[in-house]
Amino acid sequence: MLADVRERIDRACARAARDPGEVRLVAVTKGHDAEAVRAAVLDRGHRVLGESRVQEWRPKAEALGPDVEWHLVGHLQTNKVRYCRGFALLHGVDSARLIDALEADGGRHGHVFPVLLQVNVAGESAKHGVDPAGLADLVARVRDAPHVRLEGLMTMAPYDPDPERARPVFRALRELAERHAGGRTSMGMSGDFEVAIEEGATWIRVGSALFAGATVEDPRPVEVDR
Ligand SMILES: *Cc1c(COP(=O)(O)O)cnc(C)c1O
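In what follows, the accompanying structure is described. (Residues numbered from 1 in each chain as written. Predicted model: local features only at pLDDT ≥ 70, side-chain atom pairs only at ≥ 80, totals over all residues. Heavy atoms only, no water.)

The subject of this paragraph is the overall build of the protein. Of regular secondary structure, the protein possesses eight helices and eight strands. Taken along the three principal axes of its C-alpha coordinates, the protein extends 55 × 40 × 30 Å. Buried positions account for 50% of the 226 residues belonging to the protein. Put simply, the protein shows about 11300 Å² of open surface, and 49% of that area lies on carbon and sulfur atoms. For the protein, the distance from the average site of its 31 positive side-chain charges to the average site of its 35 negative ones is 4 Å. (Helix = DSSP H or I, 4+ residues; strand = E, 2+ residues; numbered from the N terminus. Buried < 20%, exposed > 50% of the residue type's maximum accessible area, 1.4 Å probe, protein only. Areas by Shrake-Rupley, 256 points an atom, 1.4 Å probe, with all protein chains shown as cover. Lys, Arg positive; Asp, Glu negative; His and termini not counted. Charge placed at Lys NZ, Arg CZ, Asp CG, Glu CD.)

Following this line, the structure appears as structure tokens:
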């Protein structure tokens, strides 16, 4: 649930001596319809939402109205670029071809696309993202594209039930972001967002933790004061 996620964000920020205002929660709504999103997130006062598929996003955005800040968190395909001017941030940009398509569409419509470059830090073959060695070239490509604005970097850690396994991935992304992209990062999901915050995440993308808590009992052990 939102209140629970907020509390976990606050605690992670306290551990890392960070201001919770520096961490933006993107509530990932994939697989949940407009009514579920309204009940779990919007009615509780949070209006920054993420969707991973453009096709799912369009009817949902229409149903939820204009008072929402939408982020595209998933991988973007070149042929979907023309639908993406309604997003406040594109988290999954990872190729020169895509940057060129965004630049062309932005140029035609007088629109600047704010983007994060997705980096495949862990080198997983099944994951999207540029490998770290190719990042500098992609950053240069964005800097040459007046209708695409680089806001930072994004990654997905390999799935692992132990969130500590994600820490080196998040730390590496943060270092790459400081070197190439102004230091800001989108990293951390339901299973590992606290570690991501400790490693400096600017945006966290949380889905299931926001929706599961509404119907399922909180499985975490009760904390005891010592
Ligand atoms: C689904 C998704 C998330 C949220 O994942 P949860 O584990 O449900 O929090 C974050 N980022 C991307 C790219 C996603 O596709």
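After that view, the rundown keeps rolling.
Let us now look at the side chain of His111. Here His111 is to be found in the loop between helix H4 (96-109) and strand E5 (113-118). Given a relative accessible area of 19%, His111 falls into the buried group. When residues no more than four places from it in sequence are discounted, the contact partners of His111 are Arg85, Gly106 and His147. (Contact = heavy atoms within 4.5 Å.)

By the definition in use, this model includes one aromatic pair. Aromatic side chains Trp57 and Phe87 sit 4.0 Å apart centroid to centroid with 35° between the ring planes, which places their arrangement in the tilted category. With Trp57 in helix H3 (residues 54-64) and Phe87 in the loop between strand E3 (69-75) and strand E4 (89-93), this residue pair connects regions lying 30 residues apart in the sequence. Note on Trp57: relative accessible area 9%, which makes it buried. The class of Phe87 is buried, set by a relative accessible area of 4%. (Phe/Tyr/Trp six-rings, centres within 6.5 Å; stacked < 30°, edge-to-face > 60°.)

For Arg205, the position within the fold is in strand E8 (residues 203-206). One buried charge, Arg205, has no salt-bridge partner; the nearest side chain with opposite charge is Asp192, at 7.0 Å. A polar atom in the side chain of Arg205 sits 3.1 Å from the backbone oxygen of Thr155. Filtering out sequence-adjacent residues up to four positions away, Arg205 remains in contact with Val26, Val28, Val73, His91, Met154, Thr155, Met156, Ser186, Met187, Gly188, Met189 and Ser190. (Salt bridge = Lys/Arg side-chain N within 4 Å of Asp/Glu carboxyl O. Polar contact = N/O pair within 3.5 Å; in protein donor to acceptor, adjacent residues only side chain to side chain.)

This part covers the nonpolar core. Judged by nonpolar contacts, the single largest core of 64 residues is most densely connected at Leu90 and Leu117. Val48, Val73, Met154 and Trp203 belong to the second-largest nonpolar core, a separate cluster that totals eight residues. (Core = buried A, V, L, I, M, F, W, Y, C linked by side-chain atoms within 4.5 Å.)

Attention now goes to the environment of Val5. Summarising the element assignment, Val5 is placed in helix H1 (residues 2-15). Through-space distance from the C-alpha of Val5 to that of Glu194 is 9.7 Å; in sequence the pair is 189 residues apart. Look past the residues within four positions of Val5 in its chain and what remains in contact with it is Leu25, Phe193, Val206, Ala209 and Leu210.

This part is about the environment of Ala212. By secondary structure assignment, the location of Ala212 is in helix H8 (residues 208-212). For Ala212, a relative accessible area of 36% puts it in the partly exposed group. Sequence-wise, Ala212 and Ser125 are 87 residues apart; in three dimensions their C-alpha atoms are separated by 30 Å.

Of all five residues in E4, five are buried; the element is thus mostly enclosed. Bridge count between E3 and E4: three bridges; the pairing is parallel. Residue His71 lies in a different strand from E4, and its bridge partner there is Leu89. Both E4 and E5 contribute to a ladder of two bridges, which runs parallel. Considered in E5, the bridge of Val93 is made with Leu117. (Pairing = 2+ DSSP bridges.)

This paragraph deals with the pattern of salt bridges. Tallying each qualifying case throughout the model produces 22 salt bridges. Of the charged contacts in the structure, one is a salt bridge between Arg8 and Glu194, with a shortest N-O distance of 3.1 Å. Residue Arg8 is found in helix H1, and its partner Glu194 is found in helix H7 (residues 193-198); the two are separated by 186 residues along the sequence. Glu51 is paired through a salt bridge with Lys60; the nearest N and O atoms lie 2.6 Å apart. As far as the burial class goes, Glu51 and Lys60 line up, both buried. Taken together, the shared-partner salt bridges in this structure form one network comprising Arg15, Glu164, Arg167, Arg171, Glu198 and Glu199.

Let us look at the pairing of E8. Burial along E8 is two-sided: the face carrying Trp203 and Arg205 and the face carrying Ile204 and Val206 are both buried. Sheet analysis places strand E1 (residues 24-28) next to E8, joined by four bridges and oriented parallel. Looking at the pairing, Ala27 lines up with Val206 of E8.

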